[in-house]
Amino acid sequence: MTRVDITETVVAQLAELLDSGELDQPTNWMGTQFLAQDFGFEELATFVFEADAATYYEAVQRAEKQAETNIELP
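Here's what I pulled together on the structure shown here. (Residues numbered from 1 in each chain as written. Predicted model: local features only at pLDDT ≥ 70, side-chain atom pairs only at ≥ 80, totals over all residues. Heavy atoms only, no water.)

### Section: the nonpolar core
Link 1 in the chain: Counting residues in each nonpolar core, the largest one holds 22 residues, and the members touching the most others are Ile6, Leu14, Leu17, Ala36, Leu44, Phe47 and Ala63.
Link 2 in the chain: Looking at this core, the elements that each hand over two or more residues are helix H1 (8-20), helix H2 (29-39), helix H3 (42-50) and helix H4 (53-66).
Link 3 in the chain: If you tally residues by element for this core, the top one is H1, at 6 residues.
Link 4 in the chain: Contact partners of isoleucine 6, with chain neighbours within four places excluded, come to Val11, Phe47, Thr55, Glu58, Ala59 and Arg62. (Core = buried A, V, L, I, M, F, W, Y, C linked by side-chain atoms within 4.5 Å. Buried < 20%, exposed > 50% of the residue type's maximum accessible area, 1.4 Å probe, protein only. Helix = DSSP H or I, 4+ residues; strand = E, 2+ residues; numbered from the N terminus. Contact = heavy atoms within 4.5 Å.)

Right, dumping it as structure tokens:
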């Protein structure tokens, strides 16, 4: 896991997952990766696999701002 670029596609796909209501805990990166695969979001699934925790959390924060659903982050 390393610092990787957070693309607009990653943020948009992550926001869609947040809006879906199927992601019970946004900080659960493994759950996010599996759900991304279920949705066919290969770019997001790859991002989650490669990104370090700080980068992933930053992407979640960006996606939360873009999502229509209000998600509480720890």
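Anyway, onward from the coordinates.
### What to know about the pattern of salt bridges
Link 1 in the chain: All chains considered together, the criterion is met by 2 salt bridges.
Link 2 in the chain: Connected through salt bridges with shared partners, the residues Arg3, Glu58 and Arg62 form a single ionic network. (Salt bridge = Lys/Arg side-chain N within 4 Å of Asp/Glu carboxyl O.)

### Quick word on the packing of H1 against H4
Link 1 in the chain: Running from N to C, H1 and H4 cross one another at 65 degrees; their axes reach a closest spacing of 8 Å. Classified by the interaxial angle, the pair formed by H1 and H4 is roughly perpendicular. Judged by the twist between their axes, the crossing of H1 over H4 is right-handed. Two secondary-structure elements touch here, H1 through Val11, Ala12, Leu14, Ala15 and Leu18 and H4 through Ala59, Val60, Arg62, Ala63, Glu64 and Gln66.
Link 2 in the chain: Partitioned by chemical class, the residues of the contact of H1 with H4 number 8 nonpolar, 1 polar and 2 charged. (Axes fitted to C-alpha atoms, helices over the stretch in contact; angles between N-to-C directions. Parallel < 35°, antiparallel > 145°, perpendicular 65-115°, else oblique. Left-handed = near helix turned anticlockwise from the far one by under 90°. Nonpolar A, V, L, I, M, F, W, Y, C, P; charged D, E, K, R; others polar.)

### Concerning the packing of H1 against H2
Link 1 in the chain: Where H1 meets H2, the closest approach of the two axes is 11 Å, and the angle between their N-to-C directions is 95 degrees. Relative to H2, H1 is oriented roughly perpendicular. When H1 is examined against H2, the residues Leu14, Glu16, Leu17 and Ser20 are found in contact with a partner set consisting of Thr32, Leu35, Ala36 and Phe39.
Link 2 in the chain: Of the residues belonging to the contact of H1 with H2, the class tally is 5 nonpolar, 2 polar and 1 charged.

### Observations concerning H3
Link 1 in the chain: For H3, the set of buried residues is Leu44, Ala45, Phe47 and Val48. Seen from one end, H3 has its buried residues packed into an arc of 160 degrees, which puts them on one side.
Link 2 in the chain: If you follow the buried residues of H3, they end up packed against H1, H2 and H4. (Arc of directions from axis to C-beta.)

Keep in mind these values describe shape, not function.
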